[in-house]
Amino acid sequence: MARILVAEDEVAVREFIRRVLELRGHEVVVVGDGAEAVVKLARMPFDLLITDVAMPNMDGVELSLKVGRDYPNLSVLLMSGYALPPRRRADDIGSLASMVLQKPFSMVDLNAAVEHMLAERQPAD
């Protein structure tokens, strides 16, 4: 199974994701914002990053841009509670990830998105 990093500032959503993915056998590390995610990424390898778009300190778009530069083989699944992302970030988001999981989502939606992202990931160099 995969090692997955989840960056989400809402505790209830973060814990829901952790529980669902651990039930599928994944190793899950959770953090409350993008800045914490950067620290975790420097300490251990991950197969997938799941990040909320809107977070304090470092949002998911900024985090994803950094991941694209520093960890180009790491797949990123963005989550958003907005029907359409804020216009100023829409272009950035489109270039970062192949999927944006819209909130609220179900356990089935989350598992399907994660399995899709893991199947599509590029092997590490």
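Residues numbered from 1 in each chain as written. Predicted model: local features only at pLDDT ≥ 70, side-chain atom pairs only at ≥ 80, totals over all residues. Heavy atoms only, no water.

## What to know about the pairing of strand β2 (residues 27–31)
A regular strand places its side chains on the two faces of the sheet in alternate fashion.
Line of reasoning, step 1. In this structure, strand β1 (residues 3–7) lies alongside β2, joined through 5 bridges in parallel fashion. Looking at the pairing, Val6 lines up with Val30 of β2.
Line of reasoning, step 2. For the handedness criterion, the β-α-β arrangement of β1, helix α1 (residues 11–23) and β2 is classed as right-handed. (Pairing = 2+ DSSP bridges. Helix = DSSP H or I, 4+ residues; strand = E, 2+ residues; numbered from the N terminus. Right-handed = clockwise from strand over helix to strand, strands pointing away.)

## What to know about the packing of helix α2 (residues 34–43) against helix α3 (residues 60–70)
Any two packed helices are characterised by how steeply their axes cross, that is the angle between the axes, and by the distance between the axes.
Line of reasoning, step 1. Where α2 contacts α3, the two axes come as close as 9 Å, and the packing angle between them is 20 degrees. By the angle class used here, α2 and α3 are roughly parallel. The chirality of how α2 crosses α3 is right-handed. Contact with α2, carried on its side by Gly34, Ala37, Val38 and Leu41, involves Leu63, Lys66 and Val67 of α3 and no other residues of that element.
Line of reasoning, step 2. Of the residues that constitute the contact of α2 with α3, the class distribution is 5 nonpolar, 1 polar and 1 charged. (Axes fitted to C-alpha atoms, helices over the stretch in contact; angles between N-to-C directions. Parallel < 35°, antiparallel > 145°, perpendicular 65-115°, else oblique. Left-handed = near helix turned anticlockwise from the far one by under 90°. Contact = heavy atoms within 4.5 Å. Nonpolar A, V, L, I, M, F, W, Y, C, P; charged D, E, K, R; others polar.)

## Examining the pattern of salt bridges
Line of reasoning, step 1. On inspection of all chains with the given rule, the structure shows 7 salt bridges.
Line of reasoning, step 2. For Lys103, the salt bridge is made with Glu8, and the minimal N-O distance between the two is 2.8 Å. Highlighted residues: Lys103 in the loop between β5 (100–102) and α5 (107–120) and Glu8 in the loop between β1 and α1, separated in sequence by 95 residues. For the pair formed by Lys103 and Glu8, the shared burial category is buried.
Line of reasoning, step 3. One salt bridge in this structure joins Lys103 and Asp52, with 3.1 Å as the shortest N-O distance. Linking Lys103 in the loop between β5 and α5 with Asp52 in strand β3 (residues 48–52), this pair joins segments that are 51 residues apart in sequence. Each member of the pair Lys103 and Asp52 is classed as buried. (Salt bridge = Lys/Arg side-chain N within 4 Å of Asp/Glu carboxyl O. Buried < 20%, exposed > 50% of the residue type's maximum accessible area, 1.4 Å probe, protein only.)

## Some remarks on the nonpolar core
Line of reasoning, step 1. Judged by nonpolar contacts, the single largest core of 19 residues is most densely connected at Ile50, Leu110 and Val114.
Line of reasoning, step 2. Sorting the residues of this core by element identifies β1, α1, β3, β4 (75–80) and α5 as the ones contributing at least two each.
Line of reasoning, step 3. Sorting elements by how many residues they give to this core places α5 first, with 5 residues.
Line of reasoning, step 4. For Ile50, the contacting residues outside a window of four places in its chain are Ile4, Leu5, Val6, Ala7, Leu21, Leu77, Met79, Leu110 and Val114.
Line of reasoning, step 5. The next biggest cluster of nonpolar side chains, apart from the first, holds 17 residues, and it includes Val29, Val31, Leu41 and Met55. (Core = buried A, V, L, I, M, F, W, Y, C linked by side-chain atoms within 4.5 Å.)

Remember, this is a structural readout, not a statement about activity or role.
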